[in-house]
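# Chains, contacts and geometry: an overview
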Amino acid sequence: MSRTSVRALAAVLVLAPVAPRALDGKVGPEACRACHPSAYDAWRATPHARALESLPERSRKDARCLSCHAPDLADGLSGVSCEACHGGGRVYEAPYVMRDPELARAVGLVVPGERGCLACHTDTTPSLERFDYARKRRLVAHGREPAPTKPTRTAPPARPAGSTRPTRPTGER
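Residues numbered from 1 in each chain as written. Predicted model: local features only at pLDDT ≥ 70, side-chain atom pairs only at ≥ 80, totals over all residues. Heavy atoms only, no water.

### Brief notes about the overall build of the chain
- Along the chain, the regular secondary structure elements total 10 helices and zero strands.
- Along the chain, from the amino end to the carboxyl end, the secondary structure elements read α-α-α-α-α-α-α-α-α-α.
- Each of the 173 residues in the chain was classed as buried or not, and the buried ones make up 24%.
- Put simply, of all contacts in the chain between residues at least 6 apart along the chain, 54% involve residues at least 24 apart. (Helix = DSSP H or I, 4+ residues; strand = E, 2+ residues; numbered from the N terminus. Buried < 20%, exposed > 50% of the residue type's maximum accessible area, 1.4 Å probe, protein only. Contact = heavy atoms within 4.5 Å.)

Written out as structure tokens, the structure reads:
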């Protein structure tokens with residue numbers, strides 16, 4: 001059994017109580033922002049974040065338009081949010097999962113590629129120019145934050161032998 005299979009099996013066993021109700025459950029971009037602030041800011045600056053608002057009013061209830069401009073509207077998310085491309089984050093959002101990219105992918109994190117983009121950016125969608133994945137990918141590039149880590153604690157300075165008063169850091173009076 002491969003390492004990936006073992007991790008995936010372990011994740012399924014650990015997350016089993018959650019799985020029936022949330023395998024593709026959405027958590028929303030604010031949850032992603034907590035650990036990925038620069039990715040969130042990059043997303044907010046893209047047309048994806050405002051995709052629903054970019055539609056003419058008459059098209060904002062048309063399922064053909066909403067499937068790309070607001071694919072998670074039923075989950076209360078407008079526009080093309082993080083999870084429209086990366087999959088529902090309910091299972092993989094935990095920091096201990098996100099610290100292990102292999103485990104995160106095993107439990108649902110999608111690493112999007114050209115194929116995912118082409119589901120919406122087709123030759124038949126209204127646009128002024130042909131979709132060029134290599135060029136457009138740079139416009140939504142994000143995810144350079146380090147993996148979430150546990151906060152580290154520093155020990156207080158040691159007391160001199162026989163002292164009952166705490167010591168002060170150097171330079172403090």
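### With respect to helix α4 (residues 37-44)
- The set of residues buried in α4 consists of Ala39, Tyr40 and Trp43. Projected down its long axis, α4 shows its buried positions confined to an angular sector of 100 degrees, all on one face.
- The elements touched by buried residues of α4 are α3 (29-33) and α6 (82-86). (Arc of directions from axis to C-beta.)

### Topic: the state of the cysteines
- Per the counting criterion, the structure on display carries one disulfide.
- Paired by a disulfide, Cys68 and Cys120 hold their sulfur atoms 2.4 Å apart. One quick way to see it: the torsion about the S-S bond of Cys68 and Cys120 is about -95 degrees, and its sign makes the bridge left-handed. Separated by 52 residues along the polypeptide, Cys68 in helix α5 (residues 63-69) and Cys120 in the loop between α9 (114-118) and α10 (133-139) bring together distant segments of the chain.
- On the accessibility criterion, Cys120 (25% relative accessible area) is partly exposed. (Disulfide = S-S within 2.5 Å.)

### Regarding the environment of Leu77
- Within the secondary structure, Leu77 is located in the loop between α5 and α6.
- With relative accessibility at 13%, the residue Leu77 sits in the buried group.
- Leaving out residues up to four positions away in the same chain, Leu77 has contacts with Lys26, Gly28, Pro29, Asp72 and Glu83.

### Let's talk about the packing of aromatic side chains
- Across all of its chains, the model carries one aromatic pair by this definition.
- Ring geometry for Tyr40 and Trp43: centres 5.6 Å apart, planes at 55 degrees, overall tilted. Pair noted here: Tyr40 and Trp43 are both in helix α4, with a separation of three residues, about one helical turn.
- The exposure class of Tyr40 is buried, given its relative accessible area of 9%.
- A residue is classified by how much of its surface remains accessible, and Trp43, at 10% relative accessible area, is buried. (Phe/Tyr/Trp six-rings, centres within 6.5 Å; stacked < 30°, edge-to-face > 60°.)

### A word on the confidence of the model for the chain
- The pLDDT averaged across the chain works out to 79; a share of 68% of its residues lies at or above 70.
- Ranking the elements of the chain by mean pLDDT puts helix α2 (residues 19-22) last, at 41, and helix α8 (residues 101-106) first, at 95.
- Residue range residues 16-23 is modelled with pLDDT below 50. Its contacts to residues more than four positions away, or to other chains, number five contacts. (pLDDT = per-residue confidence, 0-100.)

### So, the nonpolar core
- Of all hydrophobic cores here, the largest spans nine residues; its members are Val91, Tyr92, Ala94, Val97, Met98, Leu103, Ala104, Val107 and Leu109.
- Residue assignment for this core shows that the elements contributing at least two residues are α7 (95-98) and α8. (Core = buried A, V, L, I, M, F, W, Y, C linked by side-chain atoms within 4.5 Å.)

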